[in-house]
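Chains, contacts and geometry: an overview
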Amino acid sequence: MGNGFEDLDLDRLRRRRSEKWQLFPPDVLPAFIAEMDYDLAEPVLAALREAVGLSDCGYAALDGIGPAFAAFARARHDWTVDPGRVHLVPDVMAGVDALLALATEPGDGVVINTPVYPPFFKHIGFARRQVVEVPLVRPDGRWELDFAGLEAAFAAGARGYLLCNPHNPTGRVFSAADLGRIAALAERYGVLVMADEIHASLTLPGVRHTPFVSLGGAAAEHGVTLASASKAFNVAGLKGAVAVAGSAAMQRLLARLPDSCHYGAGLFGVLASLAAWNAGGDWLDALIRQLDHARAEFGRLLGERLPGARYVPPEASYLAWVDCSRLGLGPEPAQVFLDRGRVALGRGLDFGAPGDGFVRVTIGTSSALLAGIVDRMAAACSP
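Overview of the structure. (Residues numbered from 1 in each chain as written. Predicted model: local features only at pLDDT ≥ 70, side-chain atom pairs only at ≥ 80, totals over all residues. Heavy atoms only, no water.)

**Describing the overall build of the chain**
The condition that has to hold: Secondary structure is summarised from DSSP: a helix means a run of H or I of at least four residues, a strand means a run of E of at least two, and numbering begins at the N terminus for each. Two things to know: the radius of gyration comes from C-alpha atoms, and the globule rule equals 2.2 Å times the number of residues to the power 0.38. Only protein chains enter the calculation, and the probe is 1.4 Å; a residue is then buried if its accessible area is under 20% of its type maximum, exposed if over 50%, and partly exposed in between. By the convention used here, residues are in contact when the closest approach between their heavy atoms is within 4.5 Å. Surface exposure here means Shrake-Rupley accessible area, sampled with a 1.4 Å probe, where a residue is shielded only by the protein chains that are shown. In this tally, Asp and Glu contribute negative charge and Lys and Arg positive charge; neither His nor the terminal groups of the chain are included. To locate a charge, take atom NZ for lysine, CZ for arginine, CG for aspartate or CD for glutamate.
Along the chain, the regular secondary structure elements total 15 helices and 12 strands. For 383 residues, the compact-globule estimate of 2.2 N^0.38 gives 21 Å, and the chain sits close to it at 20 Å. Principal axes of the C-alpha set define a box for the chain whose edges measure 60 × 55 × 35 Å. Buried positions account for 55% of the 383 residues belonging to the chain. A fraction of 73% describes how many contacts in the chain between residues 6 or more apart in sequence connect residues 24 or more apart. When the accessible area of the chain is evaluated, it comes to approximately 15300 Å², of which 52% is carbon and sulfur surface. In the chain, which carries 35 positive and 42 negative side-chain charges, the distance between the mean positions of the two groups comes to 2 Å.

**Some words on the environment of Leu13**
Tracing the chain through its elements places Leu13 in helix α1 (residues 10-13). The buried category is assigned to Leu13, whose relative accessible area is 1%. Along the backbone, Leu13 and Asp39 are 26 residues apart, and their C-alpha atoms lie at a distance of 9.8 Å. Aside from chain neighbours lying at most four places away, what touches Leu13 is Leu8, Trp21, Asp37 and Leu369.

**With respect to the environment of Gly95**
Residue placement: Gly95 occurs in helix α5 (residues 92-103). Separated by 131 residues in sequence, Gly95 and Leu226 place their C-alpha atoms 7.3 Å apart. Setting aside residues no more than four positions away along its own chain, Gly95 makes contact with Val89 and Leu226.

**Observations regarding the pairing of strand β2 (residues 86-89)**
For a regular strand, side-chain orientation follows a simple rule: the groups alternate between the two sheet faces. How we decide: DSSP calls a pair of strands paired once it identifies at least 2 bridges connecting them.
Burial along β2 is two-sided: Val86 and Leu88 and His87 and Val89, pointing in opposite directions, are all buried. Sheet analysis places β2 next to strand β8 (residues 241-245), joined by four bridges and oriented antiparallel. By the bridge assignment for β8, Val89 is matched with Ala241.

**As for the pattern of salt bridges**
Worth spelling out the cut-off: In what follows, salt bridge is the name for a side-chain nitrogen of Lys or Arg lying within 4 Å of a carboxyl oxygen of Asp or Glu.
Considering all chains together, one arrives at 21 salt bridges under this definition. One salt bridge in this structure joins Asp37 and Lys20, with 2.7 Å as the shortest N-O distance. Here Asp37, found in the loop between β1 (29-31) and α3 (42-53), pairs with Lys20, found in helix α2 (residues 19-22); they are 17 residues apart in sequence, far enough to count as distant. For Asp37, a relative accessible area of 3% puts it in the buried group. With relative accessibility at 2%, the residue Lys20 sits in the buried group. Note that Arg49 and Glu42 form a salt bridge whose closest N and O atoms lie 4.0 Å from each other. The class for Glu42 is partly exposed, based on a relative accessible area of 48%. Three or more residues joined by partner-sharing salt bridges are found here, namely Glu297, Arg300, Glu304, Arg305 and Asp375.

**Focus: helix α4 (residues 65-77)**
Where we set the bar: Every helix has an expected span of 1.5 Å times one less than the residues it contains.
Between its first and last C-alpha, α4 extends 17 Å over 13 residues, near the 18 Å set by a 1.5 Å rise per residue. Those residues of α4 that sit buried are Ile65, Gly66, Ala68, Phe69, Ala70, Phe72, Ala73 and His77. Contacts from the buried residues of α4 go to β2, β7 (223-227), β8, α12 (267-279) and α13 (281-305). Of the residues trailing α4, Asp78 is marked for its positive phi of about 55 degrees.

**Let's talk about the sheet that holds strand β9 (residues 310-311)**
Overall, mixed pairing links the five strands, which are arranged β1-β11-β12-β10-β9 in an open sheet. Edge positions in the open sheet fall to β1 and β9, since each of these has one partner strand only. Pairing of β1 with strand β11 (residues 343-347), which is carried by three bridges, proceeds in the parallel orientation. Counted as the bridge partner of Leu29 is Val343 from β11.

**What about the pairing of strand β3 (residues 109-112)?**
Quick note on the threshold: Looking down the strands as they point away from you, a crossover is right-handed if its path from the first strand over the helix to the second goes clockwise.
Of the two faces of β3, the one carrying Gly109 and Val111 and the one carrying Val110 and Ile112 are both buried. When β3 meets strand β4 (residues 130-133), the two strands line up parallel, connected through four bridges. Bridged to Val110 within β4 is Val131. Crossover handedness for the path β3 to helix α6 (residues 119-126) to β4: right-handed. Pairing between β3 and strand β5 (residues 160-164): two bridges, direction parallel. Bridge pairing in β5 places Val110 opposite Gly160.

**Comments concerning the sheet that holds β4**
Using the following cut-off: In this analysis an axis means a line fitted to C-alpha atoms, helices contributing only their contacting stretch, and an angle means the value between N-to-C directions, from 0 to 180 degrees.
Reading across the sheet, the seven strands line up as β2-β8-β7-β6-β5-β3-β4 and stay open at both edges, with mixed pairing between neighbours. What marks the edges here is a single partner per strand, and that holds for β2 and β4. Ignoring which end each strand starts from, the neighbouring axes of this sheet average 25 degrees apart. Two elements, β7 and β8, share four bridges in a ladder whose sense is antiparallel. What sits directly across from Val224, in β8, is Ala245.

Take a look at the structure:
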């Protein structure tokens, strides 16, 4: 590809202290967690270096977050955001926790679309709300929302909907028309839509991401968009995200966010977000080109070395959702790949029952390491 994204040194990566590189022994190649292998964007790196050089490790200040996110949203998504309606939260799930506490009651149902990001289950449970699963459907092999199922869940009394868009792990980017149907249902049944859009900045060529509240009308009146620089710029450990209101009603709700949302965010997370949103556009464009290459290369490698695996390239981000049911590995293929191939992949059943026979593979890495991942997967299937 002719850029630094391909120049990765495995020995150097193994010196990292993040969970990705510390959870398993050194002989295991990790591709199980939503963390890319690439170096930080230079504007982000410069901002963090400057803060360390100044011993600037105090509490986060809010200055600039609203305008920076608004400018980024306009440039990336053609979304006009009122900077005053951008609220700092520690991370997307902390924002969800706060919204559940503010807008629902213990015992209320919260809808999720399985297979889905595993912490959704835990956080809804921790909040003493009830998980209501409305699985995605695959009428033609492509994951789609089940609108009849959504309406049935809302009609039965669910008060919240935790929408993952772009969707993790399937990589789907739901259309503006789909989101409009969700908004209409939310208005009809009085449901709060919490739109987790953490992967939105990584929408890949061929599709367009529509921020939920940017639709206006019912979406803005009944929804909050939660966003972060963490996935696109690989700074998840620094703690900084935003909750965005698109209406006066939702602004009143977000104005009640607890002080812990402000103080739970890290100064480095805020500084990294500001640098990313203000000056990281060129790096992000190059990253998207790299990920477009990676999703195609991963498919080529699977077709060549593990043809029994079924894979639909993601429309966003760097997560591949792979159906291994025809490989004869049983319901826990991730364990087989780990035991026999020494490659750590995401366990499909952690994403809910529709994950039976699946694995999630992090493909935000170099072509050489992608080949290593697939080689190890193929080795695990060898007689």
